[in-house]
Amino acid sequence: DTEVTQTPKHLVMGMTNKKSLKCEQHMGHRAMYWYKQKAKKPPELMFVYSYEKLSINESVPSRFSPECPNSSLLNLHLHALQPEDSALYLCASSPRGIAGTGELFFGEGSRLTVL
Amino acid sequence: GDSVTQMEGPVTLSEEAFLTINCTYTATGYPSLFWYVQYPGEGLQLLLKATKADDKGSNKGFEATYRKETTSFHLEKGSVQVSDSAVYFCALAGFQGGSEKLVFGKGTKLTVNP
């Protein structure tokens with residue numbers, strides 16, 4: 001099993017809603033990542049969890065709240081988002097942190113639209 | 001911090017044409033280098049990688065050689081197919097903004113016409 005699975009694939013939410021994005025991997029990887037990708041741009045790193053602890057927060061606004069319940073699961077809780085937060089949110093994993101091979105395994109992404 | 005500069009495109013080619021996408025980098029030390037590909041509607045996939053100078057990464061007919069002297073990692077393919085149409089990102093495992101991370105170039109969109 002070499003997949004990173006993200007749900008939902010598409011999400012539309014209002015600015016007052018609370019929703020969550022979910023990510024799951026069963027490759028035994030110990031580092032998991034959230035990226036944000038706007039159209040025609042490269043992915044931007046948001047958060048990194050290493051061995052279930054938050055190791056990098058790229059100064060992301062508090063309306064995005066990550067959670068890593070266990071080594072296979074990663075959530076991104078969304079609250080009071082703005083229309084400019086509309087983007088493709090990508091989850092990724094790696095056997096260790098970037099200090100390892102630097103090879104990331106990406107999910108297909110969750111397409112978020114904020115109205 | 002470390003950075004990657006790649007040819008932005010878009011690049012449009014006919015099937016069976018030769019492809020080159022240029023990538024140069026600025027980094028402290030000798031980082032591992034990567035090419036990732038993103039097909040329409042999908043996430044990114046690792047296409048190939050090289051971990052030290054003069055290494056050649058290859059996969060699916062694509063090749064790239066880690067050139068320390070020119071700080072480059074250009075992507076090449078001898079004969080592209082319509083199915084190669086995608087966005088290609090050059091990346092390095094390095095430091096940016098004080099964090100160790102995968103540093104991406106801006107991406108190059110490739111369209112291959114039959």
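Refer to the structure above for everything that follows.
Overview of the structure. Because the structure is a prediction, the values reported are computed rather than measured.

**Brief notes about the overall build of chain A**
Thinking step 1. Looking only at helices and strands, chain A has zero helices and 11 strands in total.
Thinking step 2. Along chain A, helices (α) and strands (β) appear in the sequence β-β-β-β-β-β-β-β-β-β-β when read from the amino end.
Thinking step 3. Here the C-alpha radius of gyration of chain A, 13 Å, is about what a compact globule of 115 residues would show, namely 13 Å.
Thinking step 4. The buried share of chain A, taken over its 115 residues, is 46%.
Thinking step 5. Taking all contacts inside chain A whose residues are at least 6 apart in sequence as the whole, residues at least 24 apart take part in 55%.

**Some remarks on the sheet that holds strand S7 (residues 56-59) of chain B**
All names here are of chain B.
Thinking step 1. With antiparallel pairing, the four strands of this open sheet are ordered in space as S3-S9-S8-S7. For this open sheet the edge positions go to strand S3 (19-21) and S7, each flanked by a neighbour on one side alone. Each neighbouring strand pair of the sheet contributes to a mean axis angle of 15 degrees, computed without reference to strand direction.
Thinking step 2. Here four bridges tie S7 to strand S8 (residues 62-65), and the two strands are oriented antiparallel to one another. Paired with glycine 57 across the two strands is alanine 64, which belongs to S8.

**Section: the interface of chain A and chain B**
Thinking step 1. Contacts between the two partners involve 20 residues from chain A and, on the opposite side, 19 residues from chain B.
Thinking step 2. For the pair chain A and chain B, the summed buried area comes to about 1500 Å², and 58% of that belongs to carbon and sulfur atoms.
Thinking step 3. Where chain A packs against chain B, one counts two salt bridges.
Thinking step 4. Counting only elements with at least two residues in the side of chain A that touches chain B, the list comes to strand S4 (31-37) and strand S9 (87-94) of chain A.

Criteria and cut-off values
- Residues numbered from 1 in each chain as written.
- Chains lettered and ligands numbered in written order.
- Predicted model: local features only at pLDDT ≥ 70, side-chain atom pairs only at ≥ 80, totals over all residues.
- Heavy atoms only, no water.
- Helix = DSSP H or I, 4+ residues; strand = E, 2+ residues; numbered from the N terminus.
- Rg over C-alpha atoms; globule rule 2.2 N^0.38 Å.
- Buried < 20%, exposed > 50% of the residue type's maximum accessible area, 1.4 Å probe, protein only.
- Contact = heavy atoms within 4.5 Å.
- Pairing = 2+ DSSP bridges.
- Axes fitted to C-alpha atoms, helices over the stretch in contact; angles between N-to-C directions.
- Buried area = accessible area lost by both parts, 1.4 Å probe.
- Salt bridge = Lys/Arg side-chain N within 4 Å of Asp/Glu carboxyl O.

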